[in-house]
Structure formats: structure tokens, C-alpha cells
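Structural overview for review
Below are the chains, spelled out letter by letter.
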Amino acid sequence: MNTISEEESTEILPCTARSSPSGSSPPPKRCLKEDDVFMERAFKQARLALSEGEVPVGCVFVQGDQHVICEGRNATNNKLTGEAHAEIKCIDQILAQNAKTDWSRVSLYVTVEPCIMCAAALKMLGVGKIVFGCHNPRFGGMGTVLDAMSVACSCPSPYIRSDVRSEEAIDLLKVFYAGINPSAPEDKVKKKKRAEH
């Protein structure tokens, strides 16, 4: 997997360029500014998800360097399905609009590291660039739990930039998990304690 963190510096290459297999090349400053614009849109979606009682994950898919083709947020609680992740919902919408999308020219901006399911789908589609906020220690599919980029298929791996506004993403998740998720299964420890009394 070719990942760089927000702190790493710049070299001139197209914003949607894939990093080399031997290591990642940092994006030019122009790309970092564009990344910030699209990440703000992803965070707007995440805040909307939080206001709807959903896990606050938002994403934006961009064609080329500027054209937003879809943005979305988690809807797993409202839809009562694990398939209603922000990324999967957007992929479905994009494919419905244009089944012949050139995914190598598509960039994804997402507030939290894609889960294993989403990361595998992104890899199999051949998405060219993925920028994400915080790592996902429970379900992360881009190296934190499993590196779907290396096992999903022989497709080229995307250019990956991580830790973009990660503290902000973590803060949104903390707000959500401080509350009660009505769609989550009951905590096994709490269930056991209640049964003992």
C-alpha cells in the first residue's frame, strides 16, 4: 500500500497520479489545497450523518481534479443495512449514472478510512486516488486491520493520502459514540451483567 500522511511534503505530479509500487510520491501543494476543499465537503456530509443519528462518515467522489460526481454519507441505521456505507451508496449512484466511468480518474475523499468491504470495492473498481481522515481501528481496510489494496485483486493500487484532518474526524466519532446508537446490538458485557442481576 502506498500511503503518505498529511505532514509529508511535495513534488510535482498530477493530483490523480498513482504512486509508484516502490513508495509513494507526495502530492504538489496545489493538490493539497484541492484535497482540503473536497475534504471539507466530505466533513459537511459527515456532520449531516451525525445529525441524522448515523455514524458520522461522509465522502465525495471527484472526476479528474475538479468535477464532483457524487457525495454522500452513512445511512446504515436509517436503512437498516450494513451496505449503506457512504462509499458504497455513492458507487451505486455513479454506476447508475454512467456504467463506463473511468475509475482511474476518480478520487475519493472520505472522513474515515474505508472499511474492508468499501476498500475492496474501491480497489476492484480501480479508483485512482483515496484521501481519508482518521484510521479505522475496528474495520479499516486500507492497512489498519486489513490491507485490501494488496489482496482484493491485481488492479493497480490507488494513490493514498491518510491522516487529513484526522483529529476532526475522531472528534465527530466521539460525539456519536458518546450517545446511544439505537441500531447497534446490545453490548455483551452489559447484557451479561443485567442477566446476573
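Computed from a predicted structure; not experimentally measured.

Scanning the chain from N- to C-terminus turns up seven helices and six strands. Shown N-terminal to C-terminal, the secondary structure of the chain runs as helices and strands in the order β-α-β-β-α-α-β-α-β-α-β-α-α. In the chain, of all internal contacts separated by at least 6 residues, the share reaching a separation of at least 24 is 61%. Summed over all atoms, the accessible surface of the chain reaches about 10,100 Å², with 55% contributed by carbon and sulfur.

Within the structure shown, the criterion is met by eight salt bridges. Among the salt bridges present, the one from Glu-52 reaches Arg-73, with a minimum N-O distance of 3.0 Å. Here Arg-73 lies in strand 3 (residues 67–73) and Glu-52 lies in the loop between helix 1 (29–51) and strand 2 (58–63), a separation of 21 residues in the sequence. Overall, the relative accessible area of 35% leaves Glu-52 in the partly exposed class. When its relative accessible area of 21% is taken as the criterion, Arg-73 is described as partly exposed. Put simply, Arg-165 and Glu-168 hold a salt bridge, and the shortest N to O gap is 2.8 Å. On the basis of relative accessible area, Arg-165 is assigned to the partly exposed category, the value being 21%.

A surface patch of nonpolar side chains, about 300 Å² in accessible area, is lined by Ile-116, Val-145, Leu-146 and Val-151. With respect to the helices and strands, the residue Ile-116 is situated in helix 4 (residues 116–125). According to the relative accessible area criterion, Ile-116 is partly exposed, its value standing at 32%.

Next up on the list: the confidence of the model for the chain. In low-pLDDT segments, the atomic positions of the prediction should not be examined closely. Of all residues in the chain, 76% attain a pLDDT of 70 or more, and the chain-wide mean is 84. For the chain, strand 1 (residues 3–5) is the element with the lowest average pLDDT, namely 41, and strand 4 (residues 106–112) is the one with the highest, namely 98. Note on residues 1–24: pLDDT under 50 across the span, and 72 contacts to partners over four residues away in sequence or across chains.

Moving on: the environment of Gly-82. Assignment of secondary structure puts Gly-82 in the loop between helix 2 (76–79) and helix 3 (86–97). When its relative accessible area of 47% is taken as the criterion, Gly-82 is described as partly exposed. On a C-alpha basis, the gap between Gly-82 and Met-117 in space is 9.8 Å, while along the polypeptide they are 35 residues apart. Residues contacting Gly-82, with those up to four places away along its chain left out, are Thr-76 and Met-117.

In this section: the environment of Glu-54. Counting through the fold element by element, Glu-54 comes out in the loop between helix 1 and strand 2. For the pair Glu-54 and Asn-78, spaced 24 residues apart in the sequence, the C-alpha separation amounts to 7.6 Å. Excluding residues within four positions of it along the chain, Glu-54 makes contact with Ala-49, Asn-74, Ala-75, Thr-76, Asn-77, Asn-78 and Phe-176.

A few words now on the state of the cysteines. If you walk through the whole model with that rule in mind, you get one disulfide. You can see Cys-59 has no disulfide; the closest cysteine sulfur is in Cys-90, sitting 3.8 Å from it. On the accessibility criterion, Cys-59 (0% relative accessible area) is buried.

What follows is about helix 4. Of the residues making up helix 4, those classed as buried are Cys-118, Ala-119, Ala-120, Leu-122 and Lys-123. Buried residues along helix 4 sit against strand 2, helix 3, strand 4, strand 5 (129–134) and helix 5 (148–151). Just past helix 4, the residue Gly-126 takes up positive phi, approximately 85°.

The rules behind the values
- Residues numbered from 1 in each chain as written.
- Predicted model: local features only at pLDDT ≥ 70, side-chain atom pairs only at ≥ 80, totals over all residues.
- Heavy atoms only, no water.
- Helix = DSSP H or I, 4+ residues; strand = E, 2+ residues; numbered from the N terminus.
- Contact = heavy atoms within 4.5 Å.
- Areas by Shrake-Rupley, 256 points an atom, 1.4 Å probe, with all protein chains shown as cover.
- Salt bridge = Lys/Arg side-chain N within 4 Å of Asp/Glu carboxyl O.
- Buried < 20%, exposed > 50% of the residue type's maximum accessible area, 1.4 Å probe, protein only.
- Patch = residues over 30% accessible without salt bridge, like charges linked within 9 Å, V, L, I, M, F, W, Y side chains within 5 Å.
- pLDDT = per-residue confidence, 0-100.
- Disulfide = S-S within 2.5 Å.

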